[in-house]
Amino acid sequence: MQLNPLKTLLLVGALALTACGGQPAQPAASDAAPQVEAKTTIKIGTTVGDFGDMVKDSIKPILEKQGYQVQLIEFTDYVRPNLALAQGDIDVNVFQHKPYLDGFAKEHKLDLSPVFQVPTAPLGLYPGKLKSLDEVKDGASISAPNDPSNFSRALVMMNELGWIKLKDGVDPLVASTQDIAENPKNLKIIELEAAQLPRSRGDVDFAIVNGNYAMSSGMKLTEALYQEPSYAYVNWGAVRTADKDSKWVQDVIAAYLSQEFKDYCYNRFQGYKYPEAWGAQPTVAQEPGKAAVTQ
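A closer look at the packing of helix α2 (residues 50-64) against helix α9 (residues 259-268)
- Two elements in contact, α2 and α9, have axes separated by 10 Å at closest approach and are oriented at 160°. By the angle between their directions, the pair α2 and α9 is classed as roughly antiparallel. The element α2 and its partner α9 pack so that their crossing is right-handed. Residues Asp53, Met54, Asp57, Ser58, Ile59 and Ile62 of α2 pack against Glu260, Phe261, Tyr264 and Arg268 of α9.
- Taken together, the residues of the contact of α2 with α9 sort by class into 5 nonpolar, 1 polar and 4 charged.

Printed below as a string of structure tokens:
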């Protein structure tokens, strides 16, 4: 018996569907990789002051010439910038030295990476009620930053001045009050949030102030009675580790390494410690009005 050609076609199609579980055939997958949308907006978080000014005055214009939109988010503490970065609320943060980043990331289990250094105002000891180092007296009060890594730096400064003596062999990156072997002047060390330190000067004999907060409060670096000599605490820009090889991160790094940004900083932030990658460090001229001279 001859089957109608149309019925034969329908029968073959039904058998094919049955063999495949009754599902209609799916179109072949494309070999092309899915397109990743290019990032056009970069959110940079900084502490209030010089790091924010660097973004507004120089980094933002440099990146906007390349087609990016740049948003600046400023923080007044040292905790939220890393949490905001890890949570994706910002894309880059600029506010911390590497020992602080390493310690914070380990404590909070954050996957963050330092990718470029930035010019940094050094930690300094500034006059409060007392105006010179020679005036330090028994029971003098000294305010200092309360986060562990910067408090360690403050202790090292006081040790270098001979005001306290740290235990032999102590790691200067993690020194704490328990590592003070001698306090011959019975100094009262008052730990405060870093942003409060400039205002504390009216209530204490001396204040150890982070450079960025000194500048943002109108203090001059030249007012410091003593500055830490180490370059180990030049600050870094950090990103999420998953992003560090992306094009937009490389563009941010290039902006911070650009000659345009260097020239801006050499003129605006004289007396700062500059990134190691910049090479020879300029020094501030001794006479007012002279430009910085490269060593």
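Digging into the confidence of the model for the protein chain
- Counting all residues, the mean pLDDT for the protein chain is 86, and 83% of those residues have values of 70 or more.
- In this model residues 5-25 is a low-confidence stretch, pLDDT under 50, and it forms 4 contacts with partners more than four residues away in sequence or in other chains.
- Here residues 284-295 scores under 50 on pLDDT; set against residues more than four positions off or in separate chains, the count is 16 contacts.

Here's the deal with the packing of α2 against helix α8 (residues 247-257)
- Following both chains from N to C, one finds α2 and α8 inclined at 130°, their axes separated by 9 Å at the closest point. Judged on the interaxial angle alone, α8 and α2 are oblique. Between α2 and α8 lies a crossing of right-handed hand. In this structure, α2 contributes Val55, Ile59, Ile62 and Leu63 to the contact, and α8 contributes Asp251, Val252, Ala255 and Tyr256.

Regarding the sheet that holds strand β6 (residues 141-145)
- Ordered in space as β9-β6-β10-β5-β11, the 5 strands form an open sheet in which the pairing is mixed. In the strand order of this sheet, the two ends are held by β9 (188-192) and β11 (226-227), each with one partner.
- Across the sheet, helix α5 (residues 148-161) touches β5 (124-127), β6, β9, β10 (206-209) and β11, and the angle it forms with β6 is around 140°.

Overview of the nonpolar core
- In this structure, Phe116, Tyr256 and Phe261 are the most contacted members of the largest nonpolar core, which totals 55 residues.
- Judged by nonpolar contacts, the second largest core, of 19 residues, contains Leu123, Leu155, Leu166 and Phe206.

A short note on the pairing of β6
- Most of β6 is tucked away: 5 of the 5 residues are buried.
- In β6, alternate side chains face the same way, and those of Ser141, Ser143 and Pro145 on one face and Ile142 and Ala144 on the other are all buried.
- In this sheet, β9 lies alongside β6 in parallel orientation, the contact comprising 5 bridges. Residue pairing for β9: Ser143 is matched across the bridge by Ile190.
- As judged from the 2 bridges shared by β6 and β10, these two strands associate in the parallel manner. Paired with Ser143 across the bridge in β10 is Ala207.

How each quantity is defined
Residues numbered from 1 in each chain as written. Predicted model: local features only at pLDDT ≥ 70, side-chain atom pairs only at ≥ 80, totals over all residues. Heavy atoms only, no water. Axes fitted to C-alpha atoms, helices over the stretch in contact; angles between N-to-C directions. Helix = DSSP H or I, 4+ residues; strand = E, 2+ residues; numbered from the N terminus. Parallel < 35°, antiparallel > 145°, perpendicular 65-115°, else oblique. Left-handed = near helix turned anticlockwise from the far one by under 90°. Contact = heavy atoms within 4.5 Å. Nonpolar A, V, L, I, M, F, W, Y, C, P; charged D, E, K, R; others polar. pLDDT = per-residue confidence, 0-100. Pairing = 2+ DSSP bridges. Core = buried A, V, L, I, M, F, W, Y, C linked by side-chain atoms within 4.5 Å. Buried < 20%, exposed > 50% of the residue type's maximum accessible area, 1.4 Å probe, protein only.

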